[in-house]
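Here is how the chains run, residue by residue.
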Amino acid sequence: MRKVDLCLSSEGTEVILATSSDEKHPPENMIDGNPETFWTTTGMFPQEFIICFHKHVRIEKLVIQSYFVRTLRIEKSTSNEPVDFEQWIERDLVHTEGQLQNEEILACDGHVTYLRFIIVSAFDHFASVHSISAEGMAVSNLS
């Protein structure tokens, strides 16, 4: 099996929930593969979004490109529905004035069907997520 970016919409991945939405910067922008697009929060924290892979996958590395995110928690689920999430990763990101935060995470026990990303806090009133990349491979289809 080949390793791919599992988070691309072209791989069948979807953002199935986001707690805020701006018509100019919708949540789908995080997984469209276009570095010029992004999702933005609309204030107040925490903010979250859920990514559905529509299959069981094994993630080896995550890369999150964002702006103004202070604390990020990632929860995972291996269920066929977006339930039974367990905390997987929590990171305090470094503020990078004038440039994107580029957080690389080597994943342990990265078997998932859904990921919930929770922006617990931010360095400003708003934060943005420009891309979510997950290197890994599909393990099996949902049954």
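Computed from a prediction, not measured in an experiment: that's the story for all the values here. (Residues numbered from 1 in each chain as written. Predicted model: local features only at pLDDT ≥ 70, side-chain atom pairs only at ≥ 80, totals over all residues. Heavy atoms only, no water.)

1. Structural notes on the overall build of the chain
Tallying secondary structure elements over the chain gives zero helices and nine strands in all. Listed by position from the N terminus, the elements making up the chain come as β-β-β-β-β-β-β-β-β. Against the globule reference of 15 Å for 143 residues, the chain gives a C-alpha radius of gyration of 14 Å, in line with a compact fold. Taken over the C-alpha atoms alone, the chain extends approximately 40 × 25 × 25 Å along its principal axes. Across the 143 residues of the chain, 45% fall into the buried class. Long-range contacts, defined as pairs at least 24 residues apart, comprise 76% of the intrachain contacts of the chain with a sequence gap of at least 6. Of the accessible surface of the chain, which amounts to about 7300 Å², a share of 48% is contributed by carbon and sulfur atoms. Between the centroid of the 11 positive side chains of the chain and the centroid of its 22 negative side chains there is a distance of 5 Å. (Helix = DSSP H or I, 4+ residues; strand = E, 2+ residues; numbered from the N terminus. Rg over C-alpha atoms; globule rule 2.2 N^0.38 Å. Buried < 20%, exposed > 50% of the residue type's maximum accessible area, 1.4 Å probe, protein only. Contact = heavy atoms within 4.5 Å. Areas by Shrake-Rupley, 256 points an atom, 1.4 Å probe, with all protein chains shown as cover. Lys, Arg positive; Asp, Glu negative; His and termini not counted. Charge placed at Lys NZ, Arg CZ, Asp CG, Glu CD.)

2. Remarks on the pairing of strand β4 (residues 47–67)
As judged from the four bridges shared by strand β2 (residues 14–18) and β4, these two strands associate in the antiparallel manner. In the sheet register, Glu-14 faces β4, and the bridge partner there is Cys-52. As paired strands, β4 and strand β8 (residues 111–122) are joined by eight bridges and run antiparallel to one another. When the bridges of β8 are listed, Val-57 appears paired with Val-112. Where β4 lies against strand β9 (residues 128–141), 12 bridges are found, and the strand directions are antiparallel. Directly across from Tyr-67, in β9, lies its bridge partner Ser-128. Pairing between β4 and strand β7 (residues 101–106): six bridges, direction antiparallel. Bridged to Leu-62 within β7 is Ile-105. (Pairing = 2+ DSSP bridges.)

3. Comments concerning the UniProt feature "domain: F5/8 type C" (unreviewed entry) in the chain
Residues annotated by UniProt as "domain: F5/8 type C" (unreviewed entry) correspond here to residues 18–121. Between the C-alpha atoms that bound residues 18–121 the distance is 16 Å, and the span itself is 0% helix and 55% strand. (UniProt positions renumbered as here; feature names shortened; annotations may be inferred.)

4. Remarks on unusual backbone geometry
Going from Phe-45 to Pro-46, the amide bond is cis rather than trans, its omega being 10°. With respect to the element layout, Pro-46 can be found in the loop between β3 (39–40) and β4. Phi angles above zero are rare outside glycine, and His-54 is one such case at about 60°. Despite not being glycine, Asp-109 has its phi angle at roughly 50°, a positive value. Topologically, Asp-109 is positioned in the loop between β7 and β8.

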